[in-house]
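Below are the chains, spelled out letter by letter.
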Amino acid sequence: MKLIFLLSGDLEYVARKEVEVFSRDILGGEIILEDRQISVAEVSEVKRLERLSLVHEVSEFLFSGSLEELKSFVKELKLPEGKMCVRVRNIGGRFVPSNEFEKELGAIFYKRGAKISVSKPDRIFRVYVTERNVYAGWLIHVTNTKQFLERRPDLKPFFRPGAVVPRFARSLVNITGVENGVILDPMCGTGTMIIEAGLMNLDFVGVEAFEKIAKGCAINLRYYNLPVNVIVGDAKNLPLADESVDGIVTDYPYLQSSMSFGDLKELYEKSFPEFHRVLRGERIVFLTNMDVEEFFEDYFILESKFYQKVHKSLTRRIYICKKKN
């Protein structure tokens, strides 16, 4: 089966990586085609699409080509049971009059005997129009983005500035490729990463150096009815057994020093050996404001690195690394 993923325009490069890993590690497939805000994957099964974050929606891939070719295609397409409608979305710089094209395609379906309902369809025939191509298929999943707004960091019972937003955090958890297992955030702060992991039905553990913040993280976990799996500890000397977690996601502190962490350079020098020790899975994903390859090159292989400009004085690095044997 082939799937069309409509990617978020914000952080599209991260969204593309999320879909790449998700398609391979969760759905047992691979990306076969990419376009502006579009990834097409051939997969062996379809499951857990509700875990997706930086993806607006997913459709069953049925067609790619020109607008004229699409008109011919729908004349032969098997009609669905129940009521249906057509929805067209322009992506990027290309523009087609979507309302007119929806009516034109809908008329073709109607003349063939399809039941049309614009307001309450049972199936939606989704058309994506990019500058290069046209893609179409039956819509099978729409991501609930409202949930991420409801879990904004400032709406949690315990809040501290600087926490990553939930939608981004969930995407990073997905990029670990962990389907079932334990996610570790060794510098968990208020708990955004592990909360998203928990809400995805993954096991998790958080480690936090500051006792006050660890207690605040526990409050947030209880608020979402999640296990209070947070430990007061140091990322340089993790209170965990060897090979006890399946994926690691974390956000390093951006200050030059911290009372609990000590010198930031020391944190990088000592945390990566610890990550390597406790990781039984293959991937870590972490955020930092520094280029830190020199600190992890003995323990991890760089898979991908992205830059995100947060504001004029902060450019965040997004590292995705695989464990060395």
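The paragraphs below set out a description of the structure included in this document. If you're wondering where the values come from, they're calculated on a predicted model, not measured in any experiment.

1. Re the pairing of strand β1 (residues 2–7)
Inference 1: Of all six residues in β1, five are buried; the element is thus mostly enclosed.
Inference 2: For β1 and strand β3 (residues 38–42), the ladder comprises five bridges, and the chain directions are antiparallel. Note on β3: the bridge partner recorded for Lys2 is Glu42.
Inference 3: Where β1 and strand β4 (residues 55–65) come together, five bridges link them in antiparallel fashion. Considered in β4, the bridge of Ile4 is made with Ser59.

2. Some remarks on the sheet that holds strand β2 (residues 30–35)
Inference 1: Judged by pairing direction, the sheet is mixed, and its eight strands sit side by side in the order β2-β3-β1-β4-β8-β7-β5-β6 without closing on themselves. Looking at the sheet topology across the chains shown, the edges are occupied by β2 and β6 (115–116).
Inference 2: Pairing of strand β5 (residues 83–90) with β6, which is carried by two bridges, proceeds in the parallel orientation. Among the inter-strand pairings, Lys83 is bridged to a residue of β6, identified as Lys115.
Inference 3: Those strands touched by helix α3 (residues 98–111) are β5, β6 and β7 (123–129), and its axis lies near 150° from that of β5.

3. Points about the pattern of salt bridges
A side chain of one charge can pair with a side chain of the opposite charge if their charged atoms are brought near each other.
Inference 1: Evaluation of the coordinates by the stated rule reveals 28 salt bridges.
Inference 2: Ionic pairing is found between Asp234 and Lys236, a salt bridge with its closest N-O pair at 2.9 Å.
Inference 3: We classify Lys236 as buried; its relative accessible area is 15%.
Inference 4: We note a salt bridge from Glu282 to Arg283, for which the minimum N-O separation is 3.1 Å.
Inference 5: On the basis of relative accessibility, which here comes to 0%, the residue Arg283 falls in the buried class.

4. Side note on α3
Given 3.6 residues per turn, any residue in an α-helix points the same way as the ones three and four places further on.
Inference 1: Spanning 14 residues, α3 covers 20 Å between terminal C-alpha atoms, matching the ideal 20 Å at 1.5 Å per step.
Inference 2: Every buried residue of α3 is listed here: Phe101, Glu102, Leu105, Gly106, Ile108 and Phe109. End-on, the buried residues of α3 take up no more than an arc of 155°, which puts them together on one face. Exposed and oriented more than 90 degrees from the buried face of α3 are Asn99, Glu100, Lys103, Tyr110 and Lys111.
Inference 3: Tucked inside the fold, the buried residues of α3 contact α2 (67–74), β5, β6 and β7.

5. Focus: the state of the cysteines
Here, disulfide denotes a covalent bond that connects the sulfur atoms of two cysteines.
Inference 1: Tallied over the entire structure, the rule returns zero disulfides.
Inference 2: We note that Cys188 lacks a disulfide partner, and the nearest cysteine sulfur, in Cys217, lies 4.1 Å from it.
Inference 3: Overall, the relative accessible area of 0% leaves Cys217 in the buried class.

6. A look at the packing of aromatic side chains
Inference 1: In the structure shown here, the tally under the stated rule is 19 aromatic pairs.
Inference 2: Seen from their ring centres, Phe63 and Phe73 are 5.3 Å apart, and the 40° between their planes marks the pair as tilted. Pair noted here: Phe63 is in strand β4 and Phe73 is in helix α2, with a separation of ten residues, a long-range link.
Inference 3: Owing to a relative accessible area of 24%, Phe73 belongs among the partly exposed residues under this scheme.

Cut-offs applied
Residues numbered from 1 in each chain as written. Predicted model: local features only at pLDDT ≥ 70, side-chain atom pairs only at ≥ 80, totals over all residues. Heavy atoms only, no water. Buried < 20%, exposed > 50% of the residue type's maximum accessible area, 1.4 Å probe, protein only. Helix = DSSP H or I, 4+ residues; strand = E, 2+ residues; numbered from the N terminus. Pairing = 2+ DSSP bridges. Contact = heavy atoms within 4.5 Å. Axes fitted to C-alpha atoms, helices over the stretch in contact; angles between N-to-C directions. Salt bridge = Lys/Arg side-chain N within 4 Å of Asp/Glu carboxyl O. Expected span 1.5 Å × (residues − 1). Arc of directions from axis to C-beta. Disulfide = S-S within 2.5 Å. Phe/Tyr/Trp six-rings, centres within 6.5 Å; stacked < 30°, edge-to-face > 60°.

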